[in-house]
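Geometric and topological summary
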Amino acid sequence: MIPFDYRRAEDTDGAVATVAGNPRAAFLGGGTNLVDHMKLGVAEPELLVDVTRLPLDRVDRLPGGGLRIGAAVRNSDLAADHDVRERYPVLSQALLAGASGQLRNLATTGGNLLQRTRCVYFQDVTTPCNKREPGQGCSALEGYSRYHAVLGASRHCVAVHPSDMAVALTALDAGVRVQGPDGERTVAVADLHRLPGEHPEWDTVLNHGELITAVELPELPMAARSRYRKVRDRASYAFALVSVAAALDLSGGTIRDVRIALGGVAHKPWRATLAEAALRGAPPAADEFRAAAEAELADAQPLRDNGFKVPMARNTLVSVLSELAGEELR
Amino acid sequence: MEAEITLTVDGARRTLAVDTRVTLLDALRERLGVTSPKKGCGHGQCGACTVLLDGRRATTCLALAVAHDGARITTSAGLAGTDELHPLHQAFLDHDGFQCGYCTPGQICSAAGVLDEAERGWPSAVTANITDITDTAGAPALDAGEIRERMSGNLCRCGAYPNIVAAVAAVAEGRSR
Amino acid sequence: MTELLRPRSMGQARERVDGAAKVTGRARYAFEQPVERPAYVHPVQATIARGRVRTMHTGDAAALDGVLTVLTPDNAPLLATGHDPELEILQSPEVAFRGQLIGAVIAETPETARQAAGLVRADYERQPHDVTLSPERDDLYRPDVVNPSLPTDTGQGDVDAALRAAEHTVAATYTTAMYHNNPMEPHATVALWDEGGLTLHDSTQGVHAMREAVAPVLGLDKERIRVIARYVGGGFGSKGTAHAHIVLAALAAKRMPGRPVKLALTRQQMFSLAGYRTPTIQRVRLAADAAGRLTAIGNDVVEQTSRIKEFAEQTGVPARTTYAAPNRRTTHRLAALDVPVPSWMRAPGECPGMFGPEVAMDELAEDCGLDPVELRVRNEPETDPDTGLPFSSRDLVGCLHEGARRFGWQRRERAPRSRIEDGWWTGTGVASSTYPVHSAPGTSATVRLGRDGSFEVLIGAVDIGTGAWTILTQIAADALGVPAEDVHLHLGDTDLPQAPVAGGSSGTTNWGTAIVEAARSFREKYGADAGPGDELIATVPANPHSDRFAMRAFGAQFAEVRVHAATGEVRVPRLLGVFAAGRIVNPRTARSQFIGGMTMGLSMALHEDSVFDERFGFVVNHDLAEYHIAACADVESIEAQWLDEHDPYVNPMGTKGIGEIGIVGTAAAIANAAYHATGVRIRDLPVTADKFLD
Ligand SMILES: Cc1cc2nc3c(=O)[nH]c(=O)nc-3n(C[C@H](O)[C@H](O)[C@H](O)COP(=O)(O)OP(=O)(O)OC[C@H]3O[C@@H](n4cnc5c(N)ncnc54)[C@H](O)[C@@H]3O)c2cc1C
Ligand code: SF4
Ligand code: FES
Ligand code: FES
């Protein structure tokens, strides 16, 4: 780790100005990902601006019925929030399925969204990695790829985004409030993370110095019946092989609306638009679920070690939807 | 780059100058000689460094000391306050919830956090119905499955898990009575 | 026959002597020794798997504020060579594996040392490396012996012919993965080199063993080295032999005379510097007659070692001794590769070597239409099939029967894939377990009467979590005929009488016997009128019964496994182990040892897999987030039981050693249960979700 300066941000404007003005500055949340990378030599900021003391640590109800989650809200507090549990249980479940109790007490909403891939080659500076050093080549492409992408990857990078929370937020159509030197904007969570394409070094569409101030959940009554299911190699404290966030709205024997996002399959939380389209208006039957899942995964391109993710994602999606349908019909 | 910080560790106020790179764990172990929290991985992956940070369980190996200036830290060594042993200590002894002892102070701090979180009604990944908002009086019962999930951030290579779960369950039961 | 010590304190479930110190965290481990003004060492590792270092660029590192020295092969103190290539670090520019030590930084703080180590650049002359383990290699070789010094190959009769003639046969290849011991406490050494000599606070399984290993390499008299290890955060074999970092700490200390230096490996560094278990490829063959009686057993094992140092894991050994069969064959062939040096890991040989044969037994049982417990019972030998000697005691059949009864085995469905509950395929499996009784003569202990009438017992043993502090106290109490409260133990220091490593499940045998000898001799010499300060040291002779009996512990492992029908997730809701392992000195700590071993077996079955990237030549999942060991949620019900066993030949306590047997057979029982649950036979560990999906 190289020496760096540390500052506690007093206000958001100042924090944004400081980081935007220094290409080697970074915001610091709980540090559970950034400090990890600094220890490994993957990140080498010269200046850290700690944003955890900013007044962004509340979950507030929005006038329209949604929720506004401050960027500094800790993952544990968010998971335990009563409004979230009642109205967006998929989000609580996703958070609780991530990391461990003692890490969730540190991790922040903003940091969780911007955590970087767990690709083993990315984390080891002695192996080539395009995400860390553009142009070096991708070691995972023909290497250890159990945890890598089957959808939307490029030959430049096949990494997946590791956040569970982001998968739930994607299914919920959340928006990310961002403040930059030129003002504020909202980015849909689904558009926040990029596919790797030619530039895997860019994880997201944010510019340097843009601060996440909040995540906004729209009013979404169907989300009260939502679910997160994570399949992993350990029963707990492990990143997803595959995960599914889904919400289902049934009426009159057909699927009125449905939201699905997949985790562990792509460089970003994967909104399953094809599956959603196939299901809208269809009867809630297992073979419909299966056909929709297969449509979503039709273009999957597995690597050496991860062919299993295709049936695993398909089956997990079918069982989550079946469970939700079962609950609704009951 | 150096910064002066103050920490209250197991009730004692300690002021020290640290390189900004120093983690909370290394500040405790290498600067203050507080070696109850252990370093098993340095990357948030084992839980051996868990303490109560301002009352909540937290790993300390990825937390920068400067970022926690002013914090109140309780390690397993300070958990009992002026008593010799905390009920969790005694339960770990009674149930042989450890072997080599290296993960143990972290397990015990984590267990203290688990009991507190359950009292506050926090759900876990295995809580059957998280939409059922219970107040603290009806906090989720810490059965073995709940304890196992909630304690999973603390690895134990000696494999003391069943005994750890029994120890935590014994204290949880004592509290709910 | 030895007269067994009468148990009074032994057999009691005493609380751990070191318990309070450990739960509060007051017990100080190696790196936590309070020392004045320490300097910190951070290693520099090779980033190629084979070749030589041409130049090391140390200027940037050395220029950093707070850096004291940068060690390289060019400037490191000289070592005596020809003893142990793993330990002869920084003596030549040759690189034999990726991750090998090629330098180190010594600095005022750990942060500076680590930063500076990252600034050291090496230019290499690369050579193509060879790291591929395969049974097809044409350069596999036959080691002279396998660990610790057992015959490489054994044979009797004609296995091929027996297979051709048999009613029922199994012939398949089974593989176990590469495993890393990963004790929770990383390997660490605090070293001080001053006029008095060299003091090492080391995280080790054997203080005397470390001294023996490093003294010749450092060219120091043994008496000038003191090694101390009062508390050790697990080892599982990886702290049983000296590894390169202890020498690095000593070299750094030599560079900083009078100043303590501290070195702790990072978790990542442990994957190339602290030993590991070789992957194994086992070609197992079984033949049986119509009644399920074995006519042949064979295990032909292929595994790896490093090019610079041989370690030949004795994987074929359990096939030599578990079941009767007239035709038998075991072989070991090694590939010497450009890989880190493999070494001991909990139950070397027995642990991987009971995977292939015990899964094959399950396959054979199905082929014979026999219950897997019954198949094993039918093949119980009269005497040790390997040596022909009688067993000093053996109760595998008792373990199988008692386990079957407790586990509810009789309710088991015959056919696989018969039971699905809430979307989970559910099944059960069994496997046998065995581990030898090791003993080494030459262990010493001192008994001394204190001023207050209590006894001090001194021995250089180490408690790595096994409970040695506690059970040696109990043994000493019974040997002296006093309450345990009147015994004060001193452990973990080369200033104490010579003791072998905590390894091979032999601690209690070796150390306990020495303590009993010393106590008996003390009583003989001083009788009832011993006075304060009277003391006596005794040394254990070789066990006279060792040549007359085969000595082994046995056990039976039962597992219940659930496999999720949709996702393939694997869970183990129940494990039961029943062991016949001699007398149990302390049921509380013994139970922990058994379930700890079984937990590690579960971890091996479901999770552990060091992924070796052959392009680079190293383990890429080298941390605890990627190399999964079982977490709390993975371990549901684990029960360990034992049968009373009276064995007057093993040692005066009648104990057989319990630290390792718990891991033996567990993975096979789980793989067998997974088969019973799903009908999918897994012969290659680990048993992961992907293997149940299509
Ligand atoms: C062992 C381990 C296991 C884990 N398992 C899981 C898991 O199973 N599932 C899962 O989802 N996650 C898991 N995590 C990851 C964890 O969730 C993240 O590390 C955490 O959420 C990051 O939050 P933080 O506040 O600590 O971020 P930091 O580490 O502080 O920051 C992360 C990044 O976000 C930037 N940043 C922080 N806040 C802001 C802001 N407000 N605006 C703009 N940029 C910001 C930082 O500059 C940095 O680039 C695991 C982590 C560890 C160490
Ligand atoms: S997958 Fe992406 S992150 Fe991993 S090595 Fe390739 S480029 Fe780097
Ligand atoms: S040392 Fe902090 S989690 Fe392992
Ligand atoms: S007691 Fe040894 S690691 Fe838990």
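Presented here is a report on the structure given in the accompanying data block.

**Concerning the site of ligand 2**
The environment of ligand 2 is made up of 15 residues, and the closest members are Cys119(A), Cys129(A), Cys138(A), Cys157(A) and Val158(A). Here the residues of the shell around ligand 2 sort into nine nonpolar, five polar and one charged.

**Comments concerning the environment of Ala266(A)**
Residues and elements named next belong to chain A. The topology assignment puts Ala-266 in the loop between β11 (254-263) and β12 (270-271). In this structure the C-alpha to C-alpha distance between Ala-266 and Leu-248, which are 18 residues apart in sequence, comes to 23 Å. When near neighbours in sequence (up to four residues on either side) are disregarded, Ala-266 contacts Ala-149, Leu-151, Ala-159, Val-160 and His-161.

**Points about the side chain of Asn379(C)**
Residue and element names in this part refer to chain C. One can find Asn-379 in the loop between α11 (372-378) and α12 (396-407). Within polar-contact distance, the side chain of Asn-379 engages the backbone nitrogen of Leu-294 at 2.6 Å. If we skip the residues at most four places from it in the chain, Asn-379 touches Gly-292, Arg-293, Leu-294, Tyr-323 and Ala-324.

**Observations concerning the site of ligand 1**
Taken together, 34 residues lie around ligand 1, and Phe27(A), Thr32(A), Leu34(A), Thr108(A) and Asp164(A) are the ones closest in. Ligand 1 is flanked by residues contributed from chains A and B. A distance of 2.6 Å is found between an oxygen atom of ligand 1 and a side-chain nitrogen or oxygen belonging to Thr108(A). Out of a free accessible area of 980 Å², ligand 1 has 95% covered by protein chains. Listing elements by their share of the shell around ligand 1, those giving two or more residues are β2 (25-28), α7 (109-114) and β8 (211-217) of chain A. If one sorts the elements of the shell around ligand 1 by residue count, α7(A) sits on top with four residues. Looking at the shell around ligand 1 residue by residue, the class counts come to 14 nonpolar, 16 polar and four charged.

**Notes on the interface of chain B and chain C**
Counting residues at the interface gives 48 residues for chain B and 61 residues for chain C. When chain B packs against chain C, the two sides together hide about 4,200 Å² of surface, and 54% of this comes from carbon and sulfur. Between the two partners, chain B and chain C, sit six salt bridges. Across the pair Asp96(B) and Arg16(C) runs a salt bridge, and its minimum N-O distance is 2.6 Å. Where chain B touches chain C, the interface holds 33 residue pairs in polar contact (both at pLDDT 80 or more).

Conventions adopted
- Residues numbered from 1 in each chain as written.
- Chains lettered and ligands numbered in written order.
- Predicted model: local features only at pLDDT ≥ 70, side-chain atom pairs only at ≥ 80, totals over all residues.
- Heavy atoms only, no water.
- Near = heavy atom within 4 Å.
- Nonpolar A, V, L, I, M, F, W, Y, C, P; charged D, E, K, R; others polar.
- Helix = DSSP H or I, 4+ residues; strand = E, 2+ residues; numbered from the N terminus.
- Contact = heavy atoms within 4.5 Å.
- Polar contact = N/O pair within 3.5 Å; in protein donor to acceptor, adjacent residues only side chain to side chain.
- Areas by Shrake-Rupley, 256 points an atom, 1.4 Å probe, with all protein chains shown as cover.
- Buried area = accessible area lost by both parts, 1.4 Å probe.
- Salt bridge = Lys/Arg side-chain N within 4 Å of Asp/Glu carboxyl O.

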